[in-house]
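Understanding the architecture of this molecule
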Amino acid sequence: MVCLACLLPIFLVPIVNLLPLLFDYLLGKIYPLFGWEYRKPERAPPACPYKPAAQKQNGNTNTVGSEDDPGAPGSISKVMGAVNDKHD
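**Focus on the overall build of the chain**
Scanning the chain from N- to C-terminus turns up one helix and zero strands. Taken over 88 residues, the chain has a buried fraction of 3%.

Here is the structure:
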């Protein structure tokens, strides 16, 4: 015998995949009752589960966040919590 909890994913995955279609179908039937027009939103295409390794460009081996990154912020000249220079 097979545990029913083990069979649950077999039936749950197709149901979850059909939820957006069911939602669009139901809203397509409900919106006209109020005189509105329901337009199905554009869905993002399915993403590829395989992500190839990042390619090196022009022999650059620097990683993101390295110190010689041109987008890195410069040093801050004023220290936080410094004495206020305002004199009355």
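**A few points about the packing of aromatic side chains**
Evaluated as defined, the whole model comprises three aromatic pairs. Plain terms: the ring middles of Y31 and W36 are 5.5 Å apart, the flat faces sit at 70° to each other, and that makes the pair edge-to-face. For Y31, a relative accessible area of 25% translates into the label partly exposed. When the centroid spacing of 5.1 Å and the interplanar angle of 65° are considered together, the rings of Y31 and Y38 count as edge-to-face. Three or more aromatic residues link up through ring pairs in this structure, and these residues are Y31, F34, W36 and Y38.

**Regarding the pattern of salt bridges**
In this structure the tally under the stated criterion is one salt bridge. Notably, a salt bridge pairs R43 with D24, separated by 2.9 Å at the nearest N-O pair. Taken together, the positions of R43 in the segment after α1 (4–30) and D24 in helix α1 put the pair 19 residues apart, joining distant regions of the chain.

Rules behind the numbers
- Residues numbered from 1 in each chain as written.
- Predicted model: local features only at pLDDT ≥ 70, side-chain atom pairs only at ≥ 80, totals over all residues.
- Heavy atoms only, no water.
- Helix = DSSP H or I, 4+ residues; strand = E, 2+ residues; numbered from the N terminus.
- Buried < 20%, exposed > 50% of the residue type's maximum accessible area, 1.4 Å probe, protein only.
- Phe/Tyr/Trp six-rings, centres within 6.5 Å; stacked < 30°, edge-to-face > 60°.
- Salt bridge = Lys/Arg side-chain N within 4 Å of Asp/Glu carboxyl O.

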